[in-house]
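Below, each chain spelled out in residue letters.
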Amino acid sequence: MALSQNEVLTGLAEIVNEETGIDTESVKMEKSFVDDLDIDSISMMTIVVNAEEKFSVKIPDDEVKNLITVGDAVNFITQAQG
Amino acid sequence: MQPTLNQYKTTQFSRIYSIGASRGDLVVTNDDVAGPIDSSDEWIRQRTGIITRRRASKDQSLMDMAVEASTQAIKRAGIDPQEIGAVIFSTISHPYQTPSAATMLAEKIGANPAPAFDISAACAGYCYGIAQADALVRSGVAKYVLVVGGEKLSDFIDPTDRSISFLLADGAGAAIVGPSDTPGISPTVWGSDGSKWESVSMTDSLLDFRDGLVSWPTLRQDGLTVFKWAVWEMVKVAKEALEVAGVKAEDLSALVTHQANIRIIDELVKQLQLPDNVVVARDIINTGNTSAASVPLAMDQILQDGLVKSGGLALQIGFGAGLAFAAQVVVLP
């Protein structure tokens, strides 16, 4: 069953926390991965792969550069769940 | 009546007898390369793990490093160079299209008239070479095989390139493979994925350079695509290599991966769930990324530093341009 936006956000925050140690509370929809959370491109790719596995979705490499904010990623994943 | 052909008498097992190493004579710091890419020591350390990289001066050629590494490996193996039945040189930076680097190397180390040839499998090249050496020894074609991975990548870099040039370094690693009473090299898990041919490559062809259409071709990579492949696809390859070898991660003394980037190495360790007692080679910190040379250089470093003992098991895995990959479990010399 497809997860809600909130459920995806919670799951994504856990992945971000696991990769970077950033508090899950800080992973909010409006936060930018690079500018606010200071996540570099390599960590971002690790987060993407873990998200693909956790949510059973495919996030193409070309799409990753469009995922600027946490909300971008949550929306992409929510829609990709179809 | 037609005679029955003779074929080589096969040998059951092979092993690596010794490793030899040679690194570029210059120690190049992050500060030395940071300027043209508008970067810093801290940024490079965080993204790659590299503190210094070894590069060869103008006076030190790829062949010089290959000869030094090979001579050391031959000496450590305690064999006569004339007993070498094949010389395999893996390189992408030999500056002549032909003849091969291997034939010159064979002559310089006293292995003439051994069959000698180069292979082009980039960062997977040394592990490709070990696979071929294992087959040549066990099939009875050669008693001893010299496998060399060597690069002078500094001839093919662009100081202003932010994708790969600042990682790259120069060096050569060599191994002697020969017959053994017990199994010393597992079946190799190897392959390629040409659908990602362009993700690590030269900027342009030599023909376009000849015609004045482009400047001197240098190496480039799509770092994120390569990172993703190098971790999550290579984890599968590493696990398969363990499986076909009949060993488990906890049986390993060491993991020796291609030294591409410490972030790849660390993520591989995490994904493989390696126990803490497995020594992980991190030669990239002081040597940089030497493509085909990186696996033997990294193995030599953990052996020379006494971090692992002869007889232990090491999973070695090379991966890179092609994209090509190869992994096998070997008994440490």
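Provided above is the structure to which this section pertains.
The following refers to the structure shown. (Residues numbered from 1 in each chain as written. Chains lettered and ligands numbered in written order. Predicted model: local features only at pLDDT ≥ 70, side-chain atom pairs only at ≥ 80, totals over all residues. Heavy atoms only, no water.)

What chain A contains, in helices and strands, is 4 helices and 0 strands. When the helices and strands of chain A are read in sequence order from the N terminus, they spell out α-α-α-α. Computed over its C-alpha atoms, the radius of gyration of chain A comes to 11 Å, within 12% of the 12 Å expected for a compact globule of 82 residues. By principal-axis analysis of the C-alpha atoms, chain A measures approximately 30 × 25 × 20 Å. Approximately 4400 Å² of chain A is accessible, and the part contributed by carbon and sulfur atoms is 46%. Charged side chains in chain A number 5 positive and 17 negative. The centres of these two groups are separated by 2 Å. (Helix = DSSP H or I, 4+ residues; strand = E, 2+ residues; numbered from the N terminus. Rg over C-alpha atoms; globule rule 2.2 N^0.38 Å. Areas by Shrake-Rupley, 256 points an atom, 1.4 Å probe, with all protein chains shown as cover. Lys, Arg positive; Asp, Glu negative; His and termini not counted. Charge placed at Lys NZ, Arg CZ, Asp CG, Glu CD.)

Here the focus is the layout of surface pockets. Roughly 950 Å³ of volume is contained in the largest pocket. If one sorts the elements of the lining of the largest pocket by residue count, strand E9 (residues 200-202) of chain B sits on top with 3 residues. (1 Å grid on protein atoms, 1.4 Å probe; cavity = no way out; pocket = protein on both sides within 12 Å on 5 of 7 lines; lining within 4 Å. Points joined across faces, edges and corners; volume = space filled by probe spheres on them.)

For the rest of this paragraph, the subject is the interface of chain B and chain A. Between chain B and chain A, the contact holds 12 residues from the first and 13 residues from the second. Summed over both sides, the interface of chain B with chain A buries roughly 1100 Å², with 56% coming from carbon and sulfur. If you look at where chain B meets chain A, you find 5 salt bridges. Of the charged contacts, one joins aspartate 40 of chain A and arginine 47 of chain B as a salt bridge, the two residues approaching to 3.8 Å between their closest N and O atoms. Put simply, chain B and chain A have 4 residue pairs in polar contact (both at pLDDT 80 or more) between them. At the level of secondary structure, the elements contributing two or more residues to the side of chain B that touches chain A comprise helix H2 (41-48), helix H7 (223-245) and helix H8 (262-272) of chain B. A per-class count over the side of chain B that touches chain A returns 3 nonpolar, 4 polar and 5 charged. (Contact = heavy atoms within 4.5 Å. Buried area = accessible area lost by both parts, 1.4 Å probe. Salt bridge = Lys/Arg side-chain N within 4 Å of Asp/Glu carboxyl O. Polar contact = N/O pair within 3.5 Å; in protein donor to acceptor, adjacent residues only side chain to side chain. Nonpolar A, V, L, I, M, F, W, Y, C, P; charged D, E, K, R; others polar.)

All names here are of chain B. Residue proline 99 follows threonine 98 across a cis peptide bond; omega there is 0°. Relative to the elements of secondary structure, proline 99 occurs in the loop between strand E4 (84-90) and helix H4 (101-108). In this structure, proline 113 follows asparagine 112 across a cis peptide bond, with omega equal to 15°. Of note in this structure, serine 291 is not a glycine but carries a positive phi near 50°. Of note, serine 291 is situated in the loop between helix H9 (284-287) and helix H10 (294-304). Here serine 291 falls in the buried class, since its relative accessible area comes to 3%. (Buried < 20%, exposed > 50% of the residue type's maximum accessible area, 1.4 Å probe, protein only.)

The next subject is the side chain of serine 90 of chain B. Counting through the fold element by element, serine 90 of chain B comes out in strand E4. For serine 90 of chain B, a relative accessible area of 1% corresponds to the buried category.

Here we take up the pattern of salt bridges. Residue and element names in this part refer to chain B. Enumeration over the complete set of coordinates arrives at 18 salt bridges over all chains. In this structure, the salt-bridge partner of aspartate 41 is arginine 45, at a minimum N-O distance of 3.1 Å. One end of the pair is aspartate 41 and the other is arginine 45, both in helix H2 and 4 residues apart, which spans about a single turn. For aspartate 41, a relative accessible area of 23% puts it in the partly exposed group. Arginine 45 gets classed as partly exposed once you look at its relative accessible area, which sits at 39%. Arginine 282 is paired through a salt bridge with aspartate 266; the nearest N and O atoms lie 2.9 Å apart. Placement of the pair is arginine 282 in the loop between strand E12 (279-280) and H9 and aspartate 266 in helix H8, with a sequence separation of 16 residues. Since its relative accessible area comes to 31%, arginine 282 is described here as partly exposed. By relative accessible area, aspartate 266 is classed as partly exposed at 34%.

Take it as geometry only, folks, not as evidence of what the structure does.
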